[in-house]
Amino acid sequence: QQQVKQSPQSLIVQKGGISIINCAYENTAFDYFPWYQQFPGKGPALLIAIRPDVSEKKEGRFTISFNKSAKQFSLHIMDSQPGDSATYFCAAQRTYKYIFGTGTRLKVLA
Amino acid sequence: ETGVTQTPRHLVMGMTNKKSLKCEQHLGHNAMYWYKQSAKKPLELMFVYNFKEQTENNSVPSRFSPECPNSSHLFLHLHTLQPEDSALYLCASSQDNSNNEKLFFGSGTQLSVL
C-alpha cells in the first residue's frame, strides 16, 4: 500500500517528441504528488508537483495529469529536448514522508 | 547549486573501516534527511531530523549512525559496512518536516564497500 509504481523504466524519444511517464499509487492518504528530475552526478531536484484536487498542472513544457479515481498520475514533456535527458522520479507524499517511484531514465535524441 | 553540500563526493571503504559522510545546508532550513539511492530501487528514506531532533529512523541497521549537531549540519557515521551498502547516499533539507515541504537535495556521496 505504500508503493508507487512507475513506468517505463527507460524511454527514448526523438527531439521534438512527447515524453510520457506514468505512476500509480495505492494509499489514498497521499496528498501531494511531486516529480523530481535528476541529472548524472547530481541530486534530484523538484520539477513540478500537483495536489489531488486538481486534474492537470502545466509549467512550460511540463504537464502533470492526475486521475484521482484511478489513483494514477503522469508527466508529459512536450517538445522534448536533449537537455531533458535525465532520470525522472514520481513521488507520493504525506507530511514529510515521500514514497518515490523507481525512476525513468529518459534519453532525448538530437 | 541547491544550497546543500555533501562531502566527500566519492568514498571507497573496506568492511572494517569507519568513515563519516558530511552534509551542510545554507538555506536556513530546519529539517534534514538522509536517503539511500540504489540502482533500480526507489529512494529510501533513512533518517529525518527536525530542529536537531531525530523524528524518523526507518529501520536502518545500527552500522549507520546519524548525527545532527545543529540545523545546518548532518553527519552519517559508517562502521563495519557490508558490500550491499554500496549506493549513493543523498542528503536533503526542507523548511521543516510539516506538510508538503519541497526537498532540496545535495549531489550525494557515492559509496563503495569492498
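The coordinates are above.
What you see is a predicted model, and the numbers here were worked out from it, not measured in a lab.

Caption draft 1: Unusual backbone geometry, seen in detail. In the segment running from S7(A) into P8(A), the intervening peptide bond is cis, with an omega of -5°. Located in the positive-phi region is K71(A), a residue other than glycine, with phi close to 55°. Positive phi outside glycine occurs at S59(B), with the angle close to 55°. Mapped onto the elements of the fold, S59(B) is located in the loop between β6 (53-57) and β7 (64-70). Residue classification places S59(B) among the exposed residues on the basis of a relative accessible area of 71%.

Caption draft 2: Molecular detail of the pattern of salt bridges. Residues and elements named next belong to chain A. Considering all chains together, one arrives at 5 salt bridges over all chains under this definition. With its nearest N and O atoms 3.7 Å apart, the salt bridge here joins R94 to D31. Within this pair, whereas R94 is found in strand β9 (residues 86-94), its partner D31 is found in the loop between β3 (19-25) and β4 (33-38), the two being separated by 63 residues in sequence. A relative accessible area of 44% places R94 in the partly exposed class. With relative accessibility at 21%, the residue D31 sits in the partly exposed group.

What counts, and where the lines are drawn
- Counting restarts for each chain, with residues numbered from 1 along the sequence as it is written.
- The naming scheme follows written order: chains are lettered A onward, ligands numbered 1 onward.
- With pLDDT at 70 or above as the cut-off, local features in this predicted model cover only qualifying residues; side-chain atom pairs require 80 or more to be listed or tallied, and sums for whole chains, interfaces and linings still use all residues.
- Only hydrogens and water are set aside; all other atoms, that is, all heavy atoms of the structure, feed into the side-chain values.
- Think of it this way: any DSSP run of H or I at least four residues long counts as a helix, any run of E at least two long counts as a strand, and we number them from the N terminus.
- Throughout, exposure labels follow a simple rule: accessible area from a 1.4 Å probe, protein chains only, divided by the maximum for the residue type, with under 20% read as buried, over 50% as exposed, and the rest as partly exposed.
- For salt bridges, the criterion is a side-chain nitrogen of Lys or Arg within 4 Å of an Asp or Glu carboxyl oxygen.

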